[in-house]
Amino acid sequence: MEKLIVIGGGPAGIMAALTAAGQGYPVELWERNKQLGRKLSITGKGRCNITNDCTDLDELVKNIPGNGAFLYGALSRFTPRDVMDFFEGLSVPLKTERGRRVFPCSDRAWDVVDALSRRLEDSGVRVFYGCRAKHLFLQEGAVRGVYDFSGALHPASAVVLATGGMSYPQTGSSGDGYGLAEEAGHSIRRPRPSLVPLETKESWPAQLSGLSLRNVEMSLWRGESVLRRDFGEMLFTHFGVSGPLVLSISQTVCSPEYAGEELRLSIDLKPALNREQLDARLQRDFAALSRKQYQNSLNQLLPGSLIPVFVALSGIPGEKPVNQLSREERQAILSLLKALPLQIKGPRPLAEAIVTAGGVNVKEVNPKSMASRLVKGLYFAGEVLDVDGYTGGYNLQAAWSTGYVAGISVAWGL
């Protein structure tokens, strides 16, 4: 019986199902939850950053440091522009924001999920909710079907594994696909967090929990070497730091290359000003506020809640009059403004990561078709693969592209 079973109703699985069905291939989509797109619905803080409007393929791949080169073919066959055209064709108007991030104009991720659900219904894809795959039925080097958890066998001529990773397990991403892939002989690169908040050794960030800083520059250091430097928005939390800037840097922190290394962060609170310009501003501010105490002289430079922490870190008595600050003390203030230090304790748990790094070894998957190199009729799409990118729509683009390629390959018998 010619039939495709797609396991996983996230973005990659939905795209694979729609693409194959669009070519006239009979498709079943298995989703373990009672609804589709649970994780998709919370992406982009519930706004759904569906892609990044990047027109340069090399730059696109560069922003997917976790095996991005494997995606050259998929990204060129289903580009960000193709994704945007696809959703606008589903009557989901889009807008592009800072960093080329693309969102629905409504700022509602559920509008994206609803549009995909309607298209699945129109395409004739049979969607089975609360349905999980327990085993693959393998015979003579090919996949012949899937066993569900009741033990029933569902024959199929092809299977797409699009089960996601292990982050946000409450959305259904529990790593089921890794076991299924291993049954077929595939090796799994150890799953680890990527795009995840970071815990700090210092406790003072807890005093600032909820404070967001915009337009700051963060540097990641190992010894005297800068590993990464980014600009954007960050957030202090009860355990350390989070926010878009931290999530991007965490991709490097979590890399196996730096496992066990002592890493630290420094935050430039005033990146628009070089050291000389900032020193001149400090001198002007302190001259105008010469009779005030040091702790009451920073309101034009820092958010109010950050000032007590900053004063304590500077080591200068807060009650000291500004006109009594020495040049050395002013230089210490200047240095702290340009490089507020934090020691990294480690990433938060994998369950809290936006993306899972690791997964099915891409060397065992054909990049032109997303087909297994080991088992005929088995395909992979999305986060189950050992592929991960930065924030900004790159991971969803990888999901749409690999889902598209898997679906079209099944339909065309590639």
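Just above sits the structure.
This is a predicted model, so every value here is computed, not measured. (Residues numbered from 1 in each chain as written. Predicted model: local features only at pLDDT ≥ 70, side-chain atom pairs only at ≥ 80, totals over all residues. Heavy atoms only, no water.)

> Help me out: how do you make sense of the pattern of salt bridges in this one?
Across all of its chains, the model carries 24 salt bridges by this definition. Taken together, the shared-partner salt bridges connect Arg-47, Lys-95, Glu-97 and Asp-107 into one network. (Salt bridge = Lys/Arg side-chain N within 4 Å of Asp/Glu carboxyl O.)

> Any chance you could explain the packing of helix α5 (residues 80–89) against helix α6 (residues 109–123) here in plain terms?
Geometrically, a packed helix pair is captured by the angle between its two axes and the distance between the axes. At a closest axis distance of 10 Å, the pairing of α5 and α6 adopts a crossing angle of 75°. Classified by the angle their axes make, α5 and α6 are roughly perpendicular. Along its contact with α5, which presents Phe-86, Phe-87 and Gly-89, the element α6 presents Val-112, Leu-116 and Arg-119. When its residues are assigned to classes, the contact of α5 with α6 shows four nonpolar, one polar and one charged. (Axes fitted to C-alpha atoms, helices over the stretch in contact; angles between N-to-C directions. Helix = DSSP H or I, 4+ residues; strand = E, 2+ residues; numbered from the N terminus. Parallel < 35°, antiparallel > 145°, perpendicular 65-115°, else oblique. Contact = heavy atoms within 4.5 Å. Nonpolar A, V, L, I, M, F, W, Y, C, P; charged D, E, K, R; others polar.)

> How should I be thinking about the sheet that holds strand β4 (residues 94–97) in this particular structure?
What holds strands together in a sheet is hydrogen bonding between their backbones, with the strands either parallel or antiparallel. The three strands lie next to each other as β3-β5-β4, forming an open sheet whose pairing is antiparallel. The open sheet has two edge strands with one neighbour each: β3 (51–52) and β4. Two strands pair when backbone bridges link them, and β3 and strand β5 (residues 101–104) are joined in this way by two bridges, in the antiparallel orientation. Among the inter-strand pairings, Thr-51 is bridged to a residue of β5, identified as Val-102. (Pairing = 2+ DSSP bridges.)

> Help me out: how do you make sense of the packing of aromatic side chains in this one?
Given two aromatic rings, one states the distance between the centres and the angle between the planes to describe the pair. Within the structure shown, the criterion is met by five aromatic pairs. With a centroid separation of 6.0 Å and an interplanar angle of 75°, the aromatic rings of Phe-137 and Tyr-147 are classed as edge-to-face. Of this pair, Phe-137 sits in strand β7 (residues 133–139) while Tyr-147 is found in strand β8 (residues 142–148), placing the two residues ten residues apart along the sequence. Phe-137 sits in the partly exposed class, given a relative accessible area of 22%. Owing to a relative accessible area of 27%, Tyr-147 belongs among the partly exposed residues under this scheme. Consider the rings of Trp-204 and Phe-236, whose centres lie 5.8 Å apart with planes at 55°: the pair is tilted. Taken together, the residues span a long stretch of sequence, with Trp-204 in the loop between β12 (198–200) and β13 (212–222) and Phe-236 in strand β14 (residues 225–236) at a distance of 32 residues. (Phe/Tyr/Trp six-rings, centres within 6.5 Å; stacked < 30°, edge-to-face > 60°. Buried < 20%, exposed > 50% of the residue type's maximum accessible area, 1.4 Å probe, protein only.)

> So what exactly am I meant to see when it comes to the side chain of Asn-52 here?
Tracing the backbone through its elements, the reader meets Asn-52 in strand β3. There is a polar contact of 2.9 Å between the side chain of Asn-52 and the side chain of Arg-100. Non-local contacts of Asn-52, meaning those with residues more than four positions away in its chain, are made with Pro-80, Gly-99, Arg-100, Arg-101, Val-102, Gly-392, Gly-393 and Tyr-394. (Polar contact = N/O pair within 3.5 Å; in protein donor to acceptor, adjacent residues only side chain to side chain.)

> Would you mind showing me how to read the environment of Ala-20 here?
Along the chain, Ala-20 falls in helix α1 (residues 11–22). Once the C-alpha coordinates of Ala-20 and Val-410 are considered, the two residues, 390 residues apart in sequence, prove to be 6.6 Å apart. Residues in contact with Ala-20, not counting those within four places in the same chain, are Leu-4, Tyr-25, Val-27, Gly-407 and Ala-411.

> Could you clarify how one ought to interpret the nonpolar core in this entry?
Within soluble globular proteins, side chains that are nonpolar tend to cluster in buried spots. Formed by 81 residues in total, the largest nonpolar core has its most connected members in Phe-87, Leu-116, Val-160, Leu-385 and Trp-400. Leave out the neighbours within four places in its chain, and Leu-385 touches Phe-70, Gly-358, Gly-359, Val-360, Val-362, Val-365, Met-370, Phe-380 and Thr-402. Counting residues in hydrophobic clusters, the runner-up holds 42 residues, among them Leu-198, Phe-236, Leu-278 and Leu-334. (Core = buried A, V, L, I, M, F, W, Y, C linked by side-chain atoms within 4.5 Å.)

> I would appreciate a short explanation of α6 in the present structure.
Since the α-helix packs 3.6 residues into each turn, any two residues three or four apart lie on the same face. For α6, built from 15 residues, the straight-helix expectation of 21 Å at 1.5 Å per residue is met to within 8% by its first-to-last C-alpha distance of 21 Å. Residues Ala-109, Val-112, Val-113, Ala-115, Leu-116 and Leu-120 constitute the buried set of α6. One face of α6 carries all of its buried residues, which in axial projection span an arc of 160°. Exposed side chains of α6 directed beyond 90 degrees from the buried face belong to Glu-121 and Asp-122. Downstream of α6 by one or two residues, Gly-124 has phi in the positive range, about 80°. (Expected span 1.5 Å × (residues − 1). Arc of directions from axis to C-beta.)

> Could you clarify how one ought to interpret the packing of α1 against helix α12 (residues 394–412) in this entry?
One way to put it is that α1 packs onto α12 with a least axis distance of 7 Å and a crossing angle of 30°. The handedness of the crossing between α1 and α12 is right-handed. In contact with Pro-11, Ala-12, Met-15, Ala-16, Thr-19 and Ala-20 of α1, α12 contributes Leu-396, Ala-399, Trp-400, Gly-403, Tyr-404, Gly-407, Ile-408 and Ala-411. (Left-handed = near helix turned anticlockwise from the far one by under 90°.)

> Just checking my understanding: could you explain the environment of Glu-199 for this structure?
Turning to its location among the elements, Glu-199 is positioned in strand β12. On the basis of relative accessible area, Glu-199 is assigned to the buried category, the value being 17%. When the C-alpha atoms of Glu-199 and His-238 are compared, they prove to be 8.9 Å apart, with 39 residues separating the residues in sequence. In contact with Glu-199, other than residues within four places in its own chain, are Phe-239, Gly-240, Gln-343, Ile-344, Lys-345, Gly-346 and Arg-348.

> What is the right way to read the side chain of Ser-314 from this model?
Mapped onto the elements of the fold, Ser-314 is located in helix α10 (residues 307–314). A polar atom in the side chain of Ser-314 sits 2.7 Å from the backbone oxygen of Val-311. Those residues in contact with Ser-314 that sit more than four places away from it in its chain are Tyr-294 and Leu-336.

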